[in-house]
Amino acid sequence: MKRSPIEDCIFCKIIAKKMPAKIVYEDNRILAFDDIRPQAPTHTLIIPKDHFASLNDIPEDKADILVDILMKARRIAADKGIGQSGYRIVLNTARDSGQDVFHIHFHLLGGRRMAWPPG
Ligand code: 5GP
Ligand code: ZN
């Protein structure tokens, strides 16, 4: 029998409150929570509540969630006081990017000077 995403996916477990996380924003479609291994003073993950493995798996007719997440990232950055100092939003997709968790997530990073190019 095919397992539902929630059984295999740590981010679905966080959405279902079956795993703890420091939640910074939630509505009916989006959840944002602090990364467990922060790479900057602010490191928040923003995800859709619907399970999509990566950007490659978002259907065209669901693409509006991407804009919603970006606009929410802007608001969270402002709320965390890094809206003006600056922040970086990262979306790792598939193997070469280093994507590790296969429930699409945007990283919101800030509070320190970022380097370019990324590693
Ligand atoms: P990726 O490399 O897939 O873009 O990033 C996955 C991110 O999820 C990493 O930054 C990692 O620290 C974070 N992460 C993995 N497991 C958990 C968890 O159980 N809770 C939280 N809050 N973050 C996690
Ligand atoms: Zn999931």
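As shown above, the structure is provided for reference.
Below or above, wherever it landed, is the structure these notes cover. Worth saying up front: this structure is predicted, and the values here are computed from it rather than measured.

1. Topic: the overall build of the protein chain
From N to C terminus, the protein chain includes three helices and five strands. Put simply, the protein chain runs from its N terminus to its C terminus through helices and strands in the order α-α-β-β-β-α-β-β. Radius of gyration (C-alpha) of the protein chain: 14 Å, near the 14 Å computed for a compact globule of 119 residues. Relative to its full complement of 119 residues, the protein chain shows a buried share of 35%. The long-range fraction of contacts in the protein chain, counting pairs at least 24 apart against all pairs at least 6 apart in sequence, stands at 53%. A total accessible area of about 7700 Å² is found for the protein chain, and carbon and sulfur atoms account for 53% of it.

2. With respect to the pairing of strand β3 (residues 42-48)
β3 sits mainly inside the fold: seven of its seven residues count as buried. Neither face of β3 is exposed, since T42, T44, I46 and P48 on one face and H43, L45 and I47 on the opposite face are all buried. Here β3 runs beside strand β5 (residues 106-110); their pairing, made up of five bridges, is antiparallel. The residue of β5 that forms the bridge with T44 is L108.

3. Quick look at the side chain of T44
Locating T44 in the fold gives a position in strand β3. Here the side chain of T44 touches D34 through a polar contact of 2.9 Å, side chain to side chain. For T44, the residues in contact, after removing those within four places along its chain, are V24, A32, F33, D34, D35, K80, F106, H107 and L108.

4. Examining helix α3 (residues 64-79)
The end-to-end C-alpha distance of α3, which contains 16 residues, comes to 23 Å, matching closely the 22 Å that a straight helix rising 1.5 Å per residue would cover. All buried positions along α3 are accounted for by I65, L66, I69, K72, A73, I76 and A77. For α3, the angular spread of the buried residues around the axis is 145 degrees, confining them to a single face. Residues of α3 that are buried make contact with β1 (23-26), β2 (30-34), β3, β4 (87-90) and β5. Looking one or two residues past α3, G81 carries a phi angle of roughly 85 degrees, positive in sign.

5. Points about the packing of aromatic side chains
Taken as a whole and judged by the stated rule, the model has one aromatic pair. Residues F11 and F33 carry aromatic rings whose centres are separated by 5.3 Å and whose planes lie at 80 degrees to one another, so their mutual orientation is edge-to-face. Here F33 lies in strand β2 and F11 lies in helix α2 (residues 10-15), a separation of 22 residues in the sequence.

About the criteria used
- Residues numbered from 1 in each chain as written.
- Chains lettered and ligands numbered in written order.
- Predicted model: local features only at pLDDT ≥ 70, side-chain atom pairs only at ≥ 80, totals over all residues.
- Heavy atoms only, no water.
- Helix = DSSP H or I, 4+ residues; strand = E, 2+ residues; numbered from the N terminus.
- Rg over C-alpha atoms; globule rule 2.2 N^0.38 Å.
- Buried < 20%, exposed > 50% of the residue type's maximum accessible area, 1.4 Å probe, protein only.
- Contact = heavy atoms within 4.5 Å.
- Areas by Shrake-Rupley, 256 points an atom, 1.4 Å probe, with all protein chains shown as cover.
- Pairing = 2+ DSSP bridges.
- Polar contact = N/O pair within 3.5 Å; in protein donor to acceptor, adjacent residues only side chain to side chain.
- Expected span 1.5 Å × (residues − 1).
- Arc of directions from axis to C-beta.
- Phe/Tyr/Trp six-rings, centres within 6.5 Å; stacked < 30°, edge-to-face > 60°.

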